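Architecture at a glance
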Amino acid sequence: MKKWHYPLLTFMLTGLLVACGGQKGVTPEVYKQIQEGMSQQEVEELAGQPAEKEANNPYDVWIYDGQDGIERGATVRIEFSKEDQVLFKSQKKLFEAPKAEEKKYNPEGELKEFISTFNNLISQNKDMEFLQPISTEGLDFKRTTFYDGQGTIITVTDPAMINDANQYSNKMHFEIEEDGTLYEIYYIGADLEYPVLMLHALNVSEETNDQILASYKDIDVETLESKSFNFNEGRYSIVVKNGTPRTLVVTMNDK
């Protein structure tokens, strides 16, 4: 029987790894370390070269094999922005599926205060009959526990904002803490009046308001490509995307 000489075997295995380009699978711990805004070089230092690069996207997309996941065939997908920074990451079979708890909810704390202020502003604009107040009871509450490093996220939405086609024509949903403290407000819709009242309810200055409204209208008329704009005022980080539909996201920096 042929006996292997161990130094020779080590040399052969090392050569095989080099020939494979140094690829390595993304483990759960490495996946958690990949953060939005990281450069491609930083991702490569953490995860190595991807198993595949998608070329049919406007931006770079890297696909990795998962390693040490809960099932075989785990994969990791990383999308990069035009600036070659991580825009979004997702995974399959690397972690357990998120666990969700849903129930009806009456707003409390800071969320209740915001809804009350917002609804008062709507009542003062009776000439705009299409404006719809946010319900003060029976909201949809969803607590989702993620196992991929996101922790637990609580979202609250108003089911009355869904139309007959099961679409949100003007939707606001809220990300909150357990006590109702606001973390994020997300608006998606076609009308400008909702985000205007939303920002007024948060006491955002008229100057910032005007800049946000101007950004909503700043569209490339030739390509119709949507644009993103970022604003900061006090405790708020505000992101506007003027595509179809429009979106406005307000994040509270002190949370």
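The numbers attached to residues start from 1 for each chain and follow its sequence in the written order. Given that this is a predicted model, residues contribute local features only at a pLDDT of at least 70 and side-chain atom pairs are listed and counted only at 80 or more, while totals for whole chains, interfaces and linings are drawn from all residues. The basis for every side-chain value is the complete set of non-hydrogen atoms in the structure, without hydrogens or water.

Looking only at helices and strands, the chain has six helices and 12 strands in total. A fraction of 48% describes how many contacts in the chain between residues 6 or more apart in sequence connect residues 24 or more apart. All accessible areas in this document rest on Shrake-Rupley with a 1.4 Å probe, and a residue is counted as covered only by the protein chains that are shown. Entry remark: accessible area of the chain is about 15,700 Å², with carbon and sulfur atoms responsible for 49%. The helix count covers DSSP runs of H or I at least four residues long, the strand count covers runs of E at least two residues long, and both are numbered beginning at the N terminus. Note on definitions: a residue-residue contact is assigned when non-hydrogen atoms from the two residues lie within 4.5 Å.

Bringing the layout of surface pockets into the picture now. Here the largest pocket is characterised by a volume of approximately 1,700 Å³. Secondary structure elements with two or more residues in the lining of the largest pocket: α2 (28-33), β4 (86-92), β8 (170-176), β9 (182-189), β10 (228-233), β11 (236-241) and β12 (246-252). In terms of residue count, β4 provides more of the lining of the largest pocket than any other element does, six residues in total. Throughout, the ten residues Ala, Val, Leu, Ile, Met, Phe, Trp, Tyr, Cys and Pro are labelled nonpolar, Asp, Glu, Lys and Arg are labelled charged, and all others, Gly among them, are labelled polar. The residue makeup of the lining of the largest pocket, split by class, is 12 nonpolar, 13 polar and 11 charged. Buriedness for pockets is judged along seven lines, at least five of which must meet protein on both sides within 12 Å for an open set on the 1 Å grid over protein atoms alone, while cavities are sets there where a 1.4 Å probe fits but cannot get out, and lining residues have an atom within 4 Å of a point. Grid points are joined across faces, edges and corners, and a volume is the space filled by probe spheres set on the points.

Judged from the six bridges that link them, strand β6 (residues 139-145) and strand β7 (residues 152-157) form a sheet pairing that is antiparallel. Counted as the bridge partner of Thr145 is Thr152 from β7. Here a strand pair is declared whenever DSSP counts at least two bridges between the two strands.

Let's shift gears to helix α6 (residues 206-216). Inspection of α6 places Thr208, Asn209, Ile212, Ser215 and Tyr216 among the buried residues, and these make up the whole buried set. For α6, the buried positions fall inside an angular range of 125 degrees around the axis, keeping them on one side. The inward-facing, buried residues of α6 abut β9, α5 (193-201), β10, β11 and β12. Partly exposed describes any residue whose relative accessible area lies between the buried limit of under 20% and the exposed limit of over 50%, with all areas from a 1.4 Å probe on protein chains only and scaled to the type maximum. Arc definition: directions from the helix axis to the C-beta atoms.

It is worth spelling out the nonpolar core at this point. Here, the term nonpolar core denotes a set of buried Ala, Val, Leu, Ile, Met, Phe, Trp, Tyr and Cys residues that are joined through side-chain atoms within 4.5 Å. Counting 37 residues, the largest nonpolar core has Phe114, Phe118, Met172 and Ile238 as its most contacted members. With six residues, the single largest contributor to this core is helix α4 (residues 109-123). Apart from residues lying up to four places away in sequence, Phe118 is in contact with Gln132, Ile134, Met172, Tyr194, Leu197, Met198 and Ala201. Among the nonpolar cores identified, the runner-up in size contains 16 residues, and Val30, Tyr31, Val43 and Ile78 belong to it.

The term salt bridge refers to a side-chain nitrogen of Lys or Arg lying within 4 Å of a carboxyl oxygen of Asp or Glu. Under the definition given, this model contains eight salt bridges. The salt bridge partner of Glu54 is Arg77, with a shortest N-O separation of 3.0 Å. Taken as a pair, Glu54 in strand β1 (residues 52-54) and Arg77 in strand β3 (residues 75-80) lie far apart in primary sequence, 23 residues in all. Given a relative accessible area of 22%, Glu54 falls into the partly exposed group. A relative accessible area of 25% places Arg77 in the partly exposed class. Close ionic contact of Arg235 with Glu110 constitutes a salt bridge, the shortest N to O distance being 2.9 Å. In this pair, Arg235 is assigned in the loop between β10 and β11 and Glu110 in helix α4, connecting sequence segments 125 residues apart.

Our next topic: the confidence of the model for the chain. Confidence per residue, as judged by the predictor, is encoded in pLDDT with a range of 0 to 100. Predicted confidence across the chain gives a mean pLDDT of 82, with 81% of residues reaching 70 or more. Taken element by element, the chain is modelled with least confidence in helix α1 (residues 6-19), mean pLDDT 43, and with most confidence in strand β2 (residues 61-65), mean pLDDT 95. Low confidence marks residues 1-22, where pLDDT is under 50. Its contacts with residues over four positions away, or in another chain, come to three contacts.

Any two packed helices are characterised by how steeply their axes cross, that is the angle between the axes, and by the distance between the axes. In this description, a line fitted to the C-alpha atoms serves as the axis of each element, helices being fitted only across the stretch in contact, and the angle between N-to-C directions of two axes falls anywhere from 0 to 180 degrees. It is at 11 Å that the axes of α5 and α6 come closest, and there the two elements cross at 160 degrees. By the angle between their directions, the pair α5 and α6 is classed as roughly antiparallel. Judged by the sense of rotation from one axis to the other, the crossing of α5 with α6 is right-handed. Counted together, Pro195, Val196, Leu199 and His200 of α5 and Glu206, Asn209, Ile212, Leu213 and Tyr216 of α6 form the full contact between these two elements. The labels follow the angle: roughly parallel below 35 degrees, roughly antiparallel above 145, roughly perpendicular from 65 to 115, and oblique for the rest. Left-handed describes a crossing whose near helix is turned anticlockwise from the far helix by less than a right angle; the clockwise case is right-handed.

Bringing helix α3 (residues 40-47) into the picture now. Within α3 the residues assigned to the buried category are Gln40, Val43 and Ala47. One side of α3 holds all its buried residues, which, seen down the axis, span an arc of 60 degrees. Seen from the open side of α3, the exposed residues pointing more than 90 degrees away from its buried face are Gln41 and Glu45. Its buried side turned inward, α3 meets α2, β2, β3 and β4.

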